[in-house]
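Coordinate analysis (summary)
In case you want the letters, here they are:
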Amino acid sequence: MGSIEIIGGKQLEGEVRIQGSKNSLVPILAATLMIEGEVCLKNCPRISDAYDVLELMAETGCSYRWENDILYIDASNLNKSSLHSEKAKTNRVSVLMLGALAGRMGCAGVVAPGGCSIGKRPVDKHIEVLNSLGIRTKEKEDYISCVVEKHVGNYIRLNIKSVGVTENAVIAATLAKGTTVIANAAREPEVDTLCDFLNKAGAKIVRIEPGIIMVEGVKRLFGIEYTLPSDRIVAGTYLTAIAAAGGVGTIKNIEYRHMEKVLEVLENTGCRIFKFKNEISVFAGKKKRSIDIITTGPYPGFPTDMQSQIIALLATAQGESVISEKVFESRFMVVPELIKMGADISICNDSAHIRGVERLNGAVVKAKELRGGAALVIAGLVAEGKTVILNTGYIKRGYVDIAKDLRGLGADIKEAL
Ligand code: EPU
């Protein structure tokens with residue numbers, strides 16, 4: 001599973017260019033299954049989640065090739081829509097592939113999705129959405145199959161704000177007959193990226209109000225060239241690393257308007273943030289202030305995907321901070337590992353109470369999921385002495401090369417083989 005070694009206690013200085021967005025890539029790959037023609041995706045992050053999804057897609061007869069960070073995918077000649085690969089269990093994409101494959105082939109089947117174990121992560125709302133668009137689904141043990149009865153648009157009101165369910169509704173409605181209106185739709189930028197990608201391929205999708213998306217079904221989609229936006233969570237992770245270790249750095253190739261809540265939190269801990277077109281600079285002293293309370297929530301709220309990294313930052317802030325996790329039930333798995341490094345954190349229901357300590361100490365710790373792993377890297381940069389992070393395969397799910405990027409910011413970090 002790999003490991004990373006860090007010698008901590010060094011201030012950071014430098015700049016880093018941000019990779020393409022994982023959570024834009026995943027739904028776009030699923031949507032590509034509806035496209036007859038070659039899709040060229042630029043700024044595509046070569047993360048392990050991308051490889052896993054592509055392996056799953058290859059089972060359908062879809063072909064692909066990489067040229068550096070450009071991915072070419074061709075789903076013109078699909079020959080299979082019932083997939084049995086256990087790869088489906090490694091992430092959330094299989095349930096998004098259902099609507100795409102059913103729309104294209106009339107029926108589909110996939111092993112139910114897995115993903116990082118950060119909560120129960122049910123698929124009940126995905127199933128409801130597919131059913132309401134005339135794609136009849138059946139679940140048997142961990143296999144979901146579906147068949148198109150009457151693929152027609154509908155009015156769908158989501159009773160939870162879910163990124164994946166909104167994306168599934170958009171994908172499944174794209175090739176449906178007539179109009180679909182999705183109310184209480186998620187507002188994450190990655191949802192809009194998916195809509196933009198599909199529109200360029202010939203779909204007719206408009207966000208008519210912040211929480212309402214309208215999809216006018218089309219008969220077919222065509223191959224296109226598309227550049228993925230950069231990853232706002234990777235950018236947030238590196239800004240938080242500078243904030244935690246102290247120093248000055250610039251994050252390049254990022255849209256700061258999608259990061260307002262994270263930047264606000266960093267400023268409240270005492271960092272100075274400078275926003276430019278396509279880049280953000282941060283200046284951070286050694287001392288950090290605590291924050292009364294941060295509550296995670298759907299966009300434009302504070303992203304759950306940044307919660308663990310901010311805990312690592314607040315572990316050495318002066319005073320007590322509270323972070324309340326409202327999206328996933330089990331997203332504090334990093335806490336016992338941070339405690340091994342000397343952090344003083346307790347969990348009460350859905351909140352982590354972080355009492356800032358003077359210093360963290362290097363230790364051997366284990367990544368248990370993607371963002372918690374990134375948080376341990378941040379803690380390692382702050383800690384005195386050597387930190388070894390085990391199971392870094394989790395980090396590779398979402399970061400192309402976290403060690404190289406942080407070396408660009410002057411960190412003493414390397415992958416240990
Ligand atoms: N939910 C249900 N039923 C469903 C679907 C979701 O109850 O059928 C619940 C979930 O259990 C959760 C809430 O709805 O409590 C919101 O989950 P959501 O569906 O929005 O999450 P997701 O689509 O599975 C995506 C990202 C996650 C990110 C969340 C929230 C991708 C591939 N994944 O997951 O990213 O945390 O949105 O923003 O886009 C990560 O990058 O580390 C990551 C986990």
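**A look at the site of the ligand**
Around the ligand sit 22 residues in total, of which Ser162, Val163, Asp305, Val327 and Arg371 are the nearest. Lys22 places a side-chain nitrogen or oxygen 3.0 Å from an oxygen atom of the ligand. When the ligand is considered free in solution it has 840 Å² of accessible area, and contact with the protein chains removes 87% of it. Among the secondary structure elements, those contributing two or more residues to the shell around the ligand are α1 (22-32), α4 (124-132), α5 (163-174) and α11 (370-382). When its residues are assigned to classes, the shell around the ligand shows nine nonpolar, five polar and eight charged.

**A look at the sheet that holds strand β22 (residues 351-355)**
One open sheet holds the four strands; their spatial order is β19-β20-β22-β21, and the pairing between them is mixed. Every other strand in the sheet has two partners, leaving β19 (293-295) and β21 (344-348) as the edge strands with one partner each. Put simply, the sheet's adjacent strands are angled 15 degrees from each other on average, direction ignored. Pairing of β21 with β22, which is carried by five bridges, proceeds in the antiparallel orientation. What sits directly across from Asp344, in β22, is Arg355.

**Points about unusual backbone geometry**
Cis geometry marks the peptide bond from Tyr299 to Pro300; its omega dihedral reads 10 degrees. Here Pro300 is to be found in the loop between β19 and α9 (307-314). In this structure, Asn68 is a non-glycine residue whose phi angle is positive, near 55 degrees. With respect to the helices and strands, the residue Asn68 is situated in the loop between β5 (63-67) and β6 (70-74). Judged by relative accessible area, which is 66%, Asn68 ranks as exposed. A positive phi angle, close to 50 degrees, is found at Glu141, a residue other than glycine. Structurally, Glu141 can be placed in the loop between β8 (135-140) and β9 (143-148). Assessed through its relative accessible area of 80%, Glu141 is described here as exposed.

Definitions and cut-offs
- Residues numbered from 1 in each chain as written.
- Predicted model: local features only at pLDDT ≥ 70, side-chain atom pairs only at ≥ 80, totals over all residues.
- Heavy atoms only, no water.
- Near = heavy atom within 4 Å.
- Polar contact = N/O pair within 3.5 Å; in protein donor to acceptor, adjacent residues only side chain to side chain.
- Areas by Shrake-Rupley, 256 points an atom, 1.4 Å probe, with all protein chains shown as cover.
- Helix = DSSP H or I, 4+ residues; strand = E, 2+ residues; numbered from the N terminus.
- Nonpolar A, V, L, I, M, F, W, Y, C, P; charged D, E, K, R; others polar.
- Pairing = 2+ DSSP bridges.
- Axes fitted to C-alpha atoms, helices over the stretch in contact; angles between N-to-C directions.
- Buried < 20%, exposed > 50% of the residue type's maximum accessible area, 1.4 Å probe, protein only.

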